[in-house]
Amino acid sequence: MTAPALLPLSGRRIPPLNLGPPSFPHHRATLRLSEKFILLLILSAFITLCFGAFFFLPDSSKHKRFDLGLEDVLIPHVDSGKGAKNSGVFLIHGPDEHRHREEEERLRNKIRADHEKALEEAKEKLKKSKEEIQAEIQTEKNKVVREKKMKENKSLPPVPLANLVGISGGDPEDNNVKKKREKIKEMMKHAWDNYRAYGWGHNELRPIARKGHSTNIFGSSQMGATIVDALDTLYIMGLHDEFRDGQNWIENNLDFSVNSEVSVFEVNIRFIGGLLSAYYLSGEEIFKTKAVQLAEKLLPAFNTPTGIPWAMVNLKSGVGRNWGWASAGSSILAEFGTLHMEFVHLSYLTGNLVYYNKVMHIRKLLQKMDRPNGLYPNYLNPRTGRWGQYHTSVGGLGDSFYEYLLKAWLMSDKTDHEARKMYDDAIEAIEKHLIKKSRGGLVFIGEWKNGHLEKKMGHLACFAGGMFALGADGSRKDKAGHYLELGAEIARTCHESYDRTALKLGPESFKFDGAVEAVAVRQAEKYYILRPEVIETYWYLWRFTHDPRYRQWGWEAALAIEKHCRVRGGFSGIKDVYSSTPTHDDVQQSFFLAETLKYLYLLFSNDDLLPLDHWVFNTEAHPLPVLHLANTTLSGNPAVR
Ligand code: DMJ
């Protein structure tokens, strides 16, 4: 294995930490811990029993020690009405007797209350499932291990971060480009201001009903997803008052101790990615603190027989589970395979290797598995470690797994060769089996289903144009030109999928079937929900080629969004892009602010804003710095700016 080579950004070195293949050095400690935990349980049960026994014993047999303020004194039980009975130890008469009777009464009441509380707690425990109790025990155990590790790491010196390159600026000289860029900023203001006015603190906004909105990926929580997702876009656009407003909300309201079941993947890419990015851009410690607190809450999701995380986790109980529809309770490749960037940064910033080890364990496990035709299936059972259905997709369910292999390599300053190899192998198989040219000459990426290629491409798969271009440099057998060309072909196909609609906005997925090319056929696939992937690809292609067509296509998309998606209360998705009278879905997705508007803004900015040799964008468009480091050291220290 080649571990990602990581050193502090400043170049100042710290003593290396061991980053060998994930081993389980705490195994023995964990066993001792579990024994301790069981002993503790037995002890607490015993104490409860003693309290109970004391309460129900005949009065005459009870004696109680209590604090008289100077020292503990053993006094006899006082039987009210019958006078004090001398038990032969210590007898108190007169006013003292009254005082002690009251004291004893107070104690009896306390014991009774404690006893009832213990019974209640025991009843509550019994209501929980075996899995819930196991998850709670595991969470406690993990916490103890982590606390121990954190204490050990405290002795490491702080690591100063170097000045980060290109966190502002990018002002275009050309007036026309400048105006377009200003227009995108105005659209961001409109989206943000309306969320601020009508959806503040909710996850998302209903721009027509003008109220808060949420989906099941965030559970029942109100965690201000739009605030966290939008922060870095606000920052790079220079919307600093809005940024501070968001920061204040996060400081005072963002709380992860909620009894809510959330998507591990979505919370990672939007919240942890968003917070880390806001931290790197602004240097405000609060964002790092919150990111780490949240990551702690996600860790119980990894408590599966294989270490492949559950899709969902309850932030309070730590109980995890998978979506019912996902191939007999499987985990999803694009979900458990899209944690690497954020988790490596968490280890980098905290010095706590737990995050790094979790994602490297996933990688190791995947490397050991057979891949039909060299393709990664979308489903993997976290209990058995076996693939589910043999479906492969570069769109939904698979997409960002491939993206993160490439970005792991880029983020490690191109030293994580293992990740690069996995990426190269994967895209070779994808090109061989999934990428085809239509009769009309459009290159598309189909989906593999049980040995059959479905000639359908999702809007989500359009991100791959940018990915191929980004991965061109460093590709095998000097195929850089080929991959850049492939990226450009995908961009062209996705542009066609927009251009062939009434509204000039792309459908959720489109077919290549006989005479039908790049057009949605089923009604259920005709919607556009403010997704970014096509614009994302335009931006990467613009950065690598400076071909004006990408700015042109990006501007067409911006105008179409402005014309058809803008409503008084923000921006809304559209139900049918082929109908010239659009119906709105009344949702302003948080990724519209995080991604769509950010990529548009970057498309009309100069390349010195967030240059790609210094920054890698996570799959939610949150920029994280390249760790310009050397050899095999993972810095493990709180960053000091
Ligand atoms: C975003 O949340 C991310 O880009 C993710 O990887 C998949 N797509 C949505 C937006 O379409």
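Structure shown above.
On a predicted model such as this, the values are computed, not experimentally measured, just so you know.

Once that is clear, we can look at the packing of aromatic side chains. Within the structure shown, the criterion is met by 25 aromatic pairs. Where Phe218 meets Phe271, the ring centres are 6.1 Å apart and the plane angle is 75°; that geometry is what we call edge-to-face. Pair noted here: Phe218 is in the loop between β7 (211–213) and α5 (225–236) and Phe271 is in helix α7 (residues 264–282), with a separation of 53 residues, a long-range link. For the pair Phe218 and Phe271, one class covers both residues: buried. Through pairs of rings, three or more aromatic residues link up here, namely Trp539, Tyr540, Tyr599 and Phe617. The lysine or arginine in question, Arg196, covers the ring of Trp200, its NZ or CZ lying 4.0 Å from the ring centre. Over the ring of Tyr376 we find Arg371, and its NZ or CZ is 4.7 Å from the ring centre.

On to the packing of α5 against helix α6 (residues 240–253), then. Two elements in contact, α5 and α6, have axes separated by 9 Å at closest approach and are oriented at 150°. Classified by the interaxial angle, the pair formed by α5 and α6 is roughly antiparallel. α5 and α6 meet at a crossing whose hand is left-handed. Along its contact with α5, which presents Ile227, Val228, Leu231, Leu234 and Tyr235, the element α6 presents His240, Glu242, Phe243, Gly246, Gln247, Trp249 and Ile250. Here the residues of the contact of α5 with α6 are counted per class, giving eight nonpolar, three polar and one charged.

This part takes up the pairing of strand β20 (residues 516–519). If a strand is regular, its side chains alternate between the two faces of the sheet. When strand β19 (residues 509–513) meets β20, the two strands line up antiparallel, connected through three bridges. Each bridged residue has a counterpart across the sheet, and for Lys511 the counterpart in β20 is Val519. Two successive antiparallel strands, β19 and β20, enclose a turn made up of two residues, where Gly514 displays a positive phi of approximately 60°.

Quick look at the environment of Gln222 now. Tracing the backbone shows Gln222 in the loop between β7 and α5. Once the C-alpha coordinates of Gln222 and Val258 are considered, the two residues, 36 residues apart in sequence, prove to be 9.3 Å apart. Ignoring sequence-local partners within four residues, the contact set of Gln222 consists of Gly201, His202, Asn203 and Trp249.

Time to look at the sheet that holds strand β9 (residues 312–314). The strand order β8-β9-β10 describes an open sheet built from three strands, whose pairing is antiparallel. Every other strand in the sheet has two partners, leaving β8 (261–263) and β10 (320–321) as the edge strands with one partner each. Bridge analysis of β8 against β9 gives three bridges, and the strand direction is antiparallel. Looking at β9, one finds that Val262 is bridged to Val313. Where α7 meets the sheet, its contacts fall on β8 and β9, and the angle it forms with β8 comes to roughly 65°.

Its 25 residues give helix α4 (residues 175–199) an end-to-end C-alpha distance of 35 Å, which sits within 8% of 36 Å, the value for a rise of 1.5 Å per residue. Restricting attention to buried positions, one finds in α4 the residues Val177, Lys180, Arg181, Ile184, Met187, Met188, His190, Ala191, Trp192, Asn194, Tyr195 and Gly199. The backbone nitrogen of Asn176 has a side-chain oxygen 2.8 Å away, supplied by the residue at the start of α4, namely Asp174. One or two steps after α4, the chain reaches Gly201, where phi turns positive at roughly 90°.

Definitions and limits used
Residues numbered from 1 in each chain as written. Predicted model: local features only at pLDDT ≥ 70, side-chain atom pairs only at ≥ 80, totals over all residues. Heavy atoms only, no water. Phe/Tyr/Trp six-rings, centres within 6.5 Å; stacked < 30°, edge-to-face > 60°. Helix = DSSP H or I, 4+ residues; strand = E, 2+ residues; numbered from the N terminus. Buried < 20%, exposed > 50% of the residue type's maximum accessible area, 1.4 Å probe, protein only. Lys NZ or Arg CZ within 6 Å of the ring centre and 35° of its normal. Axes fitted to C-alpha atoms, helices over the stretch in contact; angles between N-to-C directions. Parallel < 35°, antiparallel > 145°, perpendicular 65-115°, else oblique. Left-handed = near helix turned anticlockwise from the far one by under 90°. Contact = heavy atoms within 4.5 Å. Nonpolar A, V, L, I, M, F, W, Y, C, P; charged D, E, K, R; others polar. Pairing = 2+ DSSP bridges. Expected span 1.5 Å × (residues − 1). Polar contact = N/O pair within 3.5 Å; in protein donor to acceptor, adjacent residues only side chain to side chain.

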